[in-house]
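# Structural description and commentary
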Amino acid sequence: MTDTALRLDGVSKKFRKGELYNSLRDLVPALSRRLLGRGPAPDAVNARNYWALQDVTFDVRRGEAFGIIGSNGAGKSTILKLISGIMRPTRGTVQVRGRLSALIEVSAGFHPDLTGRENIYLNGTILGMTRAEIRQRFDAIVAFSELEQFLDTPVKRYSAGMFARLGFSVAVHVEPEILIVDEVLSVGDYLFQQKCMERMTEIMAGDATIIFVSHNLRAVASLCERSLLLDHGRVVTIGPSNETIKTYLTRGHGPRALEPGSDIRITNVTLGPPGSSRVTFGTEEYLDIT
């Protein structure tokens, strides 16, 4: 069996900006204008095309945690939707080898009028589990989510954090070979985020692959050995997470020249008591800057 769990080769995805005709009242006049030759000029049509991804190529090894970082609109979520099969690439190929479980949007795969209990069965089925498998893992899913007292409440009354708890709990109990996690964990509280990170580490120990997208760069650095940096749909760099994060943080932030007439330059900052340097401080603890 190959060691590659996932591969994207020359993947590009094009969208079209502008109006969508979602009613017959809007569609008929638009078709009439096209038939009469009054439609938009070719240059105008091309200007509406938007490439969310352009020539993206990378692979992820089996058992690896791989991070994807970048600013808003860089194309991170588009990549995840292509990997999950929600969308198809305009160009290029996406190869996924293994059972995939995805958590890419809060409340995705849930019916608002069904209870938490019913949605566990619904979401588990969508992710590929049989009813017997869901019944076997039901207690573990509930215990992980810590939502026992809200199981028989319709999920439309759940907060975003409760959605994230339930969705992640179902996703990680599918026993996936590839787990995709988007920024949804950011809506959870700190302790649950830590619990999720520990669970993802356990999944990796079982030779599963994790694709992790987050603006929490510390979480990416601690979980992922390698990361990819995207900018406007293009790959900037792929490499060790610490180096990729450094590139992300320093892009467009080169050294600034001193203002004319200024005679002060800060060359080094040390935090903590004299003779030591720290980065972690407790509540109400004094902080010395030297």
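Source: prediction; values computed, not measured. (Residues numbered from 1 in each chain as written. Predicted model: local features only at pLDDT ≥ 70, side-chain atom pairs only at ≥ 80, totals over all residues. Heavy atoms only, no water.)

### Concerning the sheet that holds strand E9 (residues 234-240)
- Spatially, the 6 strands line up as an open sheet ordered E5-E6-E7-E3-E8-E9, and their pairing is mixed. In this open sheet, the two strands that pair with only one neighbour each are strand E5 (100-103) and E9. When strand polarity is set aside, the average angle formed by the axes of neighbouring strands in this sheet is 15 degrees.
- With 4 bridges connecting them, E5 and strand E6 (residues 178-181) associate as parallel partners. (Pairing = 2+ DSSP bridges. Helix = DSSP H or I, 4+ residues; strand = E, 2+ residues; numbered from the N terminus. Axes fitted to C-alpha atoms, helices over the stretch in contact; angles between N-to-C directions.)

### Re the pattern of salt bridges
- Counted under the stated rule, the structure contains 12 salt bridges.
- Salt-bridge contacts for Asp-231 lead to Arg-251; the nearest nitrogen and oxygen are separated by 3.0 Å. In this pair, Asp-231 sits in strand E8 (residues 226-231) while Arg-251 sits in the segment after helix H9 (241-250), placing the two residues 20 residues apart along the sequence.
- We classify Asp-231 as partly exposed; its relative accessible area is 24%.
- Put simply, Arg-99, Glu-133, Arg-137 and Glu-175 are held in one network by salt bridges that share partners. (Salt bridge = Lys/Arg side-chain N within 4 Å of Asp/Glu carboxyl O. Buried < 20%, exposed > 50% of the residue type's maximum accessible area, 1.4 Å probe, protein only.)

### Considering helix H6 (residues 160-172)
- For H6, built from 13 residues, the straight-helix expectation of 18 Å at 1.5 Å per residue is met to within 8% by its first-to-last C-alpha distance of 18 Å.
- All of the buried residues along H6 are Gly-161, Met-162, Phe-163, Ala-164, Arg-165, Leu-166, Gly-167, Phe-168, Ser-169, Val-170, Ala-171 and Val-172.
- At its buried positions, H6 is contacted by E5, helix H4 (116-126), helix H5 (131-145), E6 and helix H7 (190-205). (Expected span 1.5 Å × (residues − 1). Contact = heavy atoms within 4.5 Å.)

### Let's talk about the packing of aromatic side chains
- Taken as a whole, this structure holds 7 aromatic pairs when the rule is applied.
- When the centroid spacing of 5.9 Å and the interplanar angle of 65 degrees are considered together, the rings of Phe-110 and Phe-163 count as edge-to-face. A residue pair is termed long-range when its members are at least 10 positions apart, and Phe-110 in the loop between E5 and H4 and Phe-163 in helix H6 qualify at 53 residues.
- The exposure class assigned to Phe-163 is buried, which follows from its relative accessible area of 14%.
- Lys-13 extends its terminal NZ or CZ atom over the ring of Phe-15, reaching a point 5.5 Å from the ring centre.
- We note Lys-195 situated over the ring of Phe-144; from NZ or CZ to the ring centre the distance is 4.7 Å. (Phe/Tyr/Trp six-rings, centres within 6.5 Å; stacked < 30°, edge-to-face > 60°. Lys NZ or Arg CZ within 6 Å of the ring centre and 35° of its normal.)

Function cannot be read off these values alone, since they describe shape.
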